[in-house]
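Single-letter residue listing:
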Amino acid sequence: MGRVAIVTGGTRGIGEAISMALRDEGMTVAANYAGNDERAREFTERTGIKAYKWDVSDYDACQQGVKQIEAELGPVDVLVNNAGITRDTTMKRMDHQKWQEVIDTNLGGCFNMAKAVFEGMQSRGYGRIVNIGSINGQAGQYGQVNYAAAKSGIHGFTKALAQEGARNGVTVNAIAPGYIDTDMVAAVPEEVLGKIIAKIPVNRLGKASEIARGVTFLVGEEAGFVTGSTLSINGGQHMY
Ligand code: NDP
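Residues numbered from 1 in each chain as written. Predicted model: local features only at pLDDT ≥ 70, side-chain atom pairs only at ≥ 80, totals over all residues. Heavy atoms only, no water.

For the protein chain, an unreviewed UniProt entry supplies the name Acetoacetyl-CoA reductase and the organism Sphingomonas rhizophila.

In structure tokens form, the structure reads like this:
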């Protein structure tokens, strides 16, 4: 029987590519999203993947959402924590709300979702969790203290949880994408984007499918020895 996978923020951008790639691997995929019903409906019609709406920053909603998916599709074997937002501005202009929303969604969402599936994975002796970090969590970025802190936190979260899952067949890894051609990057002003691309050795933005390729590797049955790692997929923009 195919594995059951949840992809948060799985109806658009990188998440959409991940949902489709996991479906193509034979998994039964549940794609979560926050509020864009129009895009979710169009996604489901086009891909046949069912979409589930809840806010990953809401702890109870995550427990509820996972319960519903388990009742409909069966126990969750794969979790991809992809949902993320930006609220970019300099420290001077960053109010507490912009800080908190990004921390609660990008980092809190990983905890809320992992909490809902981790024990089940451990007790069944199999699980794959992939958390989508960012190059800006590795290197920092002007105007993103909130986002860089949350994404950097994801990398620590990944390494700590990997140690807890290791003995029970549950791997936990992260991917740190560079700049990928999605709605999120389309929001960056054109002149800033030009400067960013000039710094990418591969000389272009990445594609969402190139991140999905990394996810399919990390969630593969044969990837059981890969845990606690961060896979950088960034066109050579940041190497360490
Ligand atoms: P998009 O803005 O294109 O899509 C974001 C997705 O996340 C949407 O499906 C959105 O749902 C969902 N989402 C947002 N907030 C929540 C929430 N609170 N609860 C549930 N779902 C939510 O983002 P990208 O595809 O560009 O980015 C995906 C991930 O990759 C993010 O974590 C991002 O930080 C990371 N990343 C992206 C990079 C890039 O260059 N694009 C670079 C590095 C990392 P809805 O459609 O309902 O709004």
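K.L.:
Would you mind going over the state of the cysteines with me for this structure?
P.N.:
Note: disulfide means a covalent bond formed between the sulfur atoms of two cysteine side chains. Within the structure shown, the criterion is met by zero disulfides. Looking at C62, it has no disulfide partner, and the nearest cysteine sulfur is the one in C110, 10 Å off. Taking the relative accessible area as the measure of exposure, C62 reaches 0% and is therefore buried. Of the residues examined, C110 reaches a relative accessible area of 3% and is grouped as buried. (Disulfide = S-S within 2.5 Å. Buried < 20%, exposed > 50% of the residue type's maximum accessible area, 1.4 Å probe, protein only.)

K.L.:
Would you mind going over the pattern of salt bridges with me for this structure?
P.N.:
Opposite charge on two side chains makes pairing possible when the charged atoms of those side chains draw close. This model, assessed by the stated rule, comprises 13 salt bridges. A salt bridge links E101 to R87, with the shortest nitrogen-to-oxygen separation between them at 2.7 Å. Here E101, found in helix α4 (residues 96-124), pairs with R87, found in the loop between β4 (78-81) and α4; they are 14 residues apart in sequence, far enough to count as distant. The exposure class of E101 is partly exposed, given its relative accessible area of 27%. Judged by its relative accessible area of 32%, R87 is partly exposed. Between K98 and D95 there is a salt bridge; the shortest N-O distance is 4.0 Å. Overall, the relative accessible area of 36% leaves D95 in the partly exposed class. Linked by salt bridges that have partners in common, R3, D77 and E221 make up one network. (Salt bridge = Lys/Arg side-chain N within 4 Å of Asp/Glu carboxyl O. Helix = DSSP H or I, 4+ residues; strand = E, 2+ residues; numbered from the N terminus.)

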